[in-house]
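# Coordinate inspection notes
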Amino acid sequence: MSETSIQDILPLVQMPSRYLGSETNRIKKPWKKTQLHVALAFPDLYEIATSHFGIQILYGMLNGRNEILAERVFAPAVDMEAQLRKNKLPLCSLESETPLKNFDILGFSLLYELNYTNMVNMLDLAGIAFFAEERSKTDPFVIGGGPCTCNPEPVADFFDALVVGDGEAVILQMTDAWKAWRRSDSDKREALLHRWSQIKGVYIPSFFDVSVDAVGAQRLTPKHGSHQDVDRAVVSDLNTEPFPGTPIIPFGKPVHDRLRMEIARGCTRGCRFCQAGMIYRPVRERHPEAVLSSVSQLLKESGYEDLSLLSLSTGDYSCIAPLVQRIVDVGAKDRVAVSLPSLRAGSLTPELMELVRKVRKTGFTIAPEAGSQRLRDVINKNITETDIVETVENAFSLGWKLIKLYFMVGLPSETQADIEAIVALVKRLKEIAKKQGRSQKINVSVATFVPKPHTPFQWEPQISLETALEKINWLKDNLKLPGVQVKWQDPRVSVVEGVWARGDRRLNNVLINAWRSGCRFDGWTDFFDYDRWMTVFQASGINPRHYTQGYSDTDRPLPWDHINIGVDRSFLLEEKARAVAGKITNDCRTGSCRGCGVCDFESIKPVSFHDHKGFLSTQKPLPEPQASETAIKYVVSFKKMKAARFLGHLEMVKIFTRSLRRERLPLKYSKGFHPMPKVSFGDTLPMGMQSEDERMLVTLTEPIDSGELISRLRRQMPDGLEITGCSPYVKKKALERIDTLPYRVELKDGFFKQKDLDWFFGQQSVTIERKSKKGRPVAVDLKKAVSDIRLLDDHHAVMTLGTDNNLMVRPGLVMKTVFNLSELQILTAIITKRKTNHV
């Protein structure tokens, strides 16, 4: 009997398409010994990981080198983890199902502290030692990067190397160093670490001795004079760096199921609570012409119907209005909706809002952060209540129905009056909504402030759990208003996040203890267990308050002092003092330099295009597309086999509509607020079932040769979906249901027995219960529903089922009943719906 493979266990897990690795635009290279093999790992579920823009950039850069192979691996869900452990299968890459232990480099993206337990779990599933010092020369080098590396100490012992700053600036230098090391006489791991330590932005944790001083502060002592601290790697100009031209189109429901275009990196608004605003300085914009060119290409390569323009503050992009105008023009024909997710009150003008709503209104979010002007000045939010009110008025007047507001509790110097100001502001905005009509809604989200390293508030205490709960509960009670919904992040999550955000190496073993106790997916409400975490901390001798109580002595060494992200400590202290005084600091993008220390004004300086505001406006806005009244319909037939059987119906619909869009076919769209391509399918095929003959109805506005439509769609299909035919639509015959459907069943576990079939045929009736489409129980006589069943051998059978609505039943349920099969046997069986003309 053959060994169990990943494919064998896919029928046993939810959302199996997470593990297929056959998405459109994924890169699958042949595995060669002479290559450098890199696994790009993200310690969260597929839906989160595939929405991470950084992995797509590194994936394209690495695979752009012939001598490098890069594949992806994400955290398996708990059901997949259970199956991997039960079947003693290692965690593998998506593209080639290669065990992670066989790669040369395993690189983790560290975006969120509460993903750390998933990272440990992935290492264990891969059979890789947790700590760098325990790995042998046959193990991969484990590296990490992302915003969490601005304080890497809580996980430092797990990594051979960590990248601080922009990955694009470092990754190819690291791979070149690996190749030089491989060609050298030394095969010692430390020899490569020495090479890496000379690259700007690379931190080698093992090159430091760790001690704790008399007051309990961690102190690091460099072992080598050439590696005493780590300067952040910075891409000085985004316009000179490669950008992924063919983005991977994920299966399933990624959290950001749209095309994402980074238009700028960095923010100098100077919000004192915001870590990203400090660690990604200076502002570096992409040239508007480059953005427009990339958007045009990426829409063609992806088929997406939604586009997000990404940056920390999209509305501050210097050419935002003319750029959005041109992008809307480019995507208007294909009904592409444009969203600007990172907007500040005041930066979204009526002109810009009108542009975005041309296609359809997308989400609208404002983050006042604090309710009172006093506290907004303390945190240097640099927006007024007038800005907020005018933005909301404009949004509602232009047709938006829902406004989302984000606030924090626990900000430095916060008083009860500041909390009450949140309620007052929401009530004022609610009055604006009432004037526009009863359908306008306001969602209020509240989170607990977590002080982060490298910000002016890095020394501040985090409020206690009890205080956070008191503040949030007060807001919930006082915001029980019609049309206002309040959501909040569990403040217990913030407690654990705060520990890991400002922790040190004493937490490395705590992480293993937490993982062993069952901590997984701690950023997910369904999995987070506060009591378990408190038990782990206590058993490990850790008092969480030690890390969240703050630092009254600003001269005390901090665990992240050796990480130089570019912003001077003196600047942070000055901003801390200005916060106490309630003084705001203006954005250096439009004012004078504030002396934060990031720029040398030679290689690193702000990059913006304020002087290009007019050049995009030389072309007059295109008229809005008019819906064509022409409707030419085609019936497309296709097979759904092998890996494609693990695609759900909605996933398949998305695959086909985006394939049609990538081929630039003249699709006819529905009318109304949310225009969609007119594409429909026959009966929904259950997840896990194959089919030799499925049908799809496509409506175009122009005629096309059937053979051309077949060939163009074929080149867009992922593994397992095969276009088999196309013909013009003939009314009433396109997707009509036939009287019977033939199926073939292959058992992977167990045997078919002739005596079970003889029993079935000998019965007058065999009644089972199934559920109707509305979920009601319906009794069905299988003797009437089943036209025929024949055994081909012990593992293969064929059958024919009727299609009458009152008698329809799933083939798996038939086989389970007739042959007394278990649920597991049915799940692992391969059931194929055959062509109706098969004998």
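A short tour of the structure in this document, coming up. Every chain is numbered independently, its residues counted from 1 as its sequence is written. Note on the predicted model: pLDDT of at least 70 is required for a residue's local features to be given, and 80 or more for side-chain atom pairs to be given and counted; whole-chain, interface and lining totals, by contrast, use all residues. Note: side-chain values were computed over all heavy atoms of the structure, leaving out hydrogens and water.

## Some remarks on the overall build of the chain
Numbered from the N terminus, helices here are DSSP runs of H or I no shorter than four residues, and strands are runs of E no shorter than two. Looking only at helices and strands, the chain features 26 helices and 29 strands. Dimensions along the principal axes, computed over C-alpha positions, put the chain at roughly 90 × 65 × 55 Å. Every one of the 839 residues in the chain was classed for burial, and the buried ones make up 56%. By the convention used here, residues are in contact when the closest approach between their heavy atoms is within 4.5 Å. Partitioning the intrachain contacts of the chain with sequence separation of at least 6 by distance along the chain shows that 77% fall at a separation of at least 24. Here the Shrake-Rupley method, with its probe set to 1.4 Å, supplies the accessible areas, and only the displayed protein chains count as covering residues. About 35800 Å² of surface is accessible on the chain, with carbon and sulfur atoms providing 49% of the total. Here the term buried applies to any residue with accessible area under 20% of the maximum for its type, exposed to any over 50%, and partly exposed to those in between, with areas from a 1.4 Å probe on protein chains only.

## Brief notes about the layout of surface pockets
Estimates place the volume of the second largest pocket at around 760 Å³. With a 1 Å grid laid over protein atoms only, a set of points is called a cavity when a 1.4 Å probe fits there but cannot get out and a pocket when it is open yet has protein on both sides within 12 Å along at least five of seven lines; lining residues have an atom within 4 Å of a point. Along its surface, the second largest pocket is lined by 26 residues, and Arg770, Lys773, Met808, Val809 and Arg810 are the ones closest to its centre. Going through the elements one at a time, strand E24 (740–746), strand E25 (767–771), strand E28 (796–802) and helix H25 (811–818) are the ones with two or more residues in the lining of the second largest pocket. As a working rule, the residues Ala, Val, Leu, Ile, Met, Phe, Trp, Tyr, Cys and Pro are called nonpolar, Asp, Glu, Lys and Arg charged, and the rest polar, with Gly in that last group. Split into classes, the residues belonging to the lining of the second largest pocket amount to eleven nonpolar, six polar and nine charged. Grid points are joined across faces, edges and corners, and a volume is the space filled by probe spheres set on the points.

## Notes on the sheet that holds strand E4 (residues 141–145)
The sheet built from six strands is open, its strands ordered E2-E1-E3-E4-E5-E6 with mixed pairing. With one partner strand each, in any of the chains shown, strand E2 (68–74) and strand E6 (202–203) form the two edges of the open sheet. Strands qualify as paired when DSSP identifies two bridges or more between them. The pairing of strand E5 (residues 161–163) with E6 spans two bridges and is antiparallel. Looking across to E6, one finds that Leu162 is bridged to Tyr203. Interaxial angle, 0 to 180 degrees, is taken between N-to-C directions of lines fitted to C-alpha atoms, where a helix line uses only the stretch in contact. Helix H3 (residues 53–63) contacts strand E1 (36–42), E2 and strand E3 (105–109) of the sheet and is inclined by roughly 155° relative to E2. The sheet strands contacting helix H5 (residues 116–126) are E1, E2, E3 and E4, and the helix crosses E3 at an angle near 160°.

## A closer look at the pattern of salt bridges
Basic side-chain nitrogens of Lys or Arg form a salt bridge, by our definition, when they fall within 4 Å of a carboxyl oxygen of Asp or Glu. What the rule picks out here adds up to 55 salt bridges. Close ionic contact of Arg520 with Glu81 constitutes a salt bridge, the shortest N to O distance being 3.2 Å. In this pair, Arg520 sits in the loop between helix H17 (508–516) and helix H18 (530–539) while Glu81 sits in helix H4 (residues 78–86), placing the two residues 439 residues apart along the sequence. Taking relative accessible area as the criterion, Arg520 reaches 13% and is therefore assigned buried. Across the pair Lys654 and Asp257 runs a salt bridge, and its minimum N-O distance is 2.9 Å. Taken as a pair, Lys654 in helix H21 (residues 649–662) and Asp257 in the loop between strand E9 (230–231) and strand E10 (259–262) lie far apart in primary sequence, 397 residues in all. Taken together, the salt bridges that share partners define one network made up of Asp166, Glu168, Glu262, Arg265, Arg284 and Arg286.

## Points about the packing of helix H6 (residues 171–183) against helix H7 (residues 189–197)
With their axes 9 Å apart at the nearest point, H6 and H7 run at an angle of 140° to one another. Taken as a pair, H6 and H7 cross one another with a handedness that is right-handed. Touching Met174, Ala177, Trp178, Ala180 and Trp181 of H6 are Arg189, Ala191, Leu192, Arg195 and Trp196, all from H7. Here a crossing is taken to be left-handed if its near helix is turned anticlockwise relative to the far helix by less than a right angle, and right-handed if that turn runs clockwise.

## Some remarks on the state of the cysteines
Note on disulfides: each one is a pair of cysteine sulfur atoms within 2.5 Å. This structure, assessed with the given rule, holds zero disulfides. No disulfide involves Cys148; its nearest neighbouring cysteine sulfur is the one of Cys150, lying 7.2 Å away. Under the relative-accessibility criterion, Cys148 is labelled buried at 7%.

## Focus on the pairing of E4
Counting buried positions over the five residues of E4 gives five, a clear majority of the element. The alternating pattern of E4 places Phe141, Ile143 and Gly145 and Val142 and Gly144 on opposite faces, both of which are buried. Crossover handedness is defined by viewing with both strands directed away from the observer: a clockwise path from the first strand over the helix to the second marks the crossover as right-handed. In the classification by handedness, the crossover that spans E3, the intervening H5 and the parallel E4 is right-handed. Examined bridge by bridge, E4 and E5 share three bridges and lie parallel to one another. The residue of E5 that forms the bridge with Gly145 is Val163.

## Concerning the side chain of Ser197
Position of Ser197 relative to the elements: it lies in helix H7. A relative accessible area of 7% places Ser197 in the buried class. For Ser197, the side chain forms a polar contact with the side chain of Gln198, separated by 3.1 Å. Not counting chain neighbours up to four residues away, the residues in contact with Ser197 comprise Ile204, Phe207 and His227. For this analysis, a polar contact is any N or O atom pair within 3.5 Å, provided that within protein one partner can donate a hydrogen and the other can accept it, and provided that sequence-adjacent residues contribute only side-chain to side-chain pairs.

## Structural notes on the sheet that holds strand E15 (residues 365–369)
The four strands are arranged E15-E16-E17-E18 in an open sheet whose pairing can be described as parallel. The sheet is open, and its two edges are formed by E15 and strand E18 (484–488), each paired on a single side. For this sheet the average axis-to-axis angle between neighbouring strands, irrespective of direction, equals 20°. Relative to strand E16 (residues 402–409), E15 runs parallel, the two sharing three bridges. The residue bridging Glu369 from the neighbouring strand is Phe407, located in E16. The sheet strands contacting helix H14 (residues 416–436) are E15, E16, strand E17 (441–448) and E18, and the helix crosses E16 at an angle near 175°. The sheet contacts of helix H15 (residues 465–478) involve E16, E17 and E18, and relative to E17 the element is tilted by about 170°.

## Notes on the packing of aromatic side chains
Aromatic ring pairs: the centre-centre distance and the angle between the two ring planes describe each pair. Centres within 6.5 Å make a pair out of two Phe, Tyr or Trp rings, where for Trp the six-membered ring is used; the pair is then stacked when the planes are under 30 degrees apart, edge-to-face when over 60, and tilted otherwise. If you walk through the whole model with that rule in mind, you get 21 aromatic pairs. Pairing Tyr551 with Trp560 gives two aromatic rings, centres 6.5 Å apart and planes at 80°, and the pair type is edge-to-face. Accessibility assignment for this pair places Tyr551 and Trp560 in one class, buried. When the centroid spacing of 6.3 Å and the interplanar angle of 85° are considered together, the rings of Phe638 and Phe681 count as edge-to-face. Within this pair, whereas Phe638 is found in strand E20 (residues 632–640), its partner Phe681 is found in strand E21 (residues 679–681), the two being separated by 43 residues in sequence. There is no split in this pair, since Phe638 and Phe681 are both buried. What links up through ring pairs into an aromatic cluster is the set Tyr116, Trp500, Trp533 and Phe537. Counted as over-ring charges are cases with an Arg CZ or a Lys NZ within 6 Å of the ring centre that also lie within 35 degrees of the ring normal. Against the face of Tyr59 rests Arg72, its NZ or CZ located 5.6 Å from the ring centre.

## Focus on the environment of Asp124
In this structure, Asp124 sits in helix H5. Residue contacts for Asp124: discarding those within four places in its chain leaves Arg85, Phe130 and Trp515.

## Observations concerning the nonpolar core
We define a nonpolar core as any set of buried Ala, Val, Leu, Ile, Met, Phe, Trp, Tyr and Cys residues linked to one another through side-chain atoms lying within 4.5 Å. One finds Phe108, Phe158 and Trp196 to be the most contacted residues of the largest nonpolar core, which totals 146 residues. With residues up to four places along the chain from it excluded, the contact list for Phe108 reads Ala41, Pro43, Met119, Met122, Leu123, Val142, Ile143, Gly144, Gly145 and Phe159. Formed by 62 residues, the second largest nonpolar core is a distinct cluster that contains Val295, Val338, Ile472 and Val486.

## A short note on the pairing of E2
The element E2 is extensively covered by neighbouring structure, given that seven of its seven residues are classed as buried. By the alternation rule, side chains of E2 split into Ile68, Ala70, Arg72 and Phe74 and Leu69, Glu71 and Val73, which are all buried. With seven bridges joining them, E1 and E2 adopt parallel strand pairing. Along E2, the bridge assignment pairs Leu36 with Ile68.

## Some remarks on empty space enclosed by the protein
Evaluation of the coordinates by the stated rule reveals nine cavities of 30 Å³ or more. Considering the residues around the largest cavity, the lining is formed by 16 residues, among which Tyr19, Leu91, Cys92, Ser93 and Leu94 are closest to the centre. Elements represented by at least two residues in the lining of the largest cavity include exactly E2 and H4. When grouped by side-chain class, the residues that make up the lining of the largest cavity number 13 nonpolar, one polar and two charged. Looking at the second largest cavity, its volume works out to about 100 Å³. Contributing to the lining of the second largest cavity are Thr24, Ile249, Pro250, Phe251, Gly252, Glu651, Lys654, Ile655, Arg658 and Arg662. Of the residues belonging to the lining of the second largest cavity, the class tally is four nonpolar, two polar and four charged.

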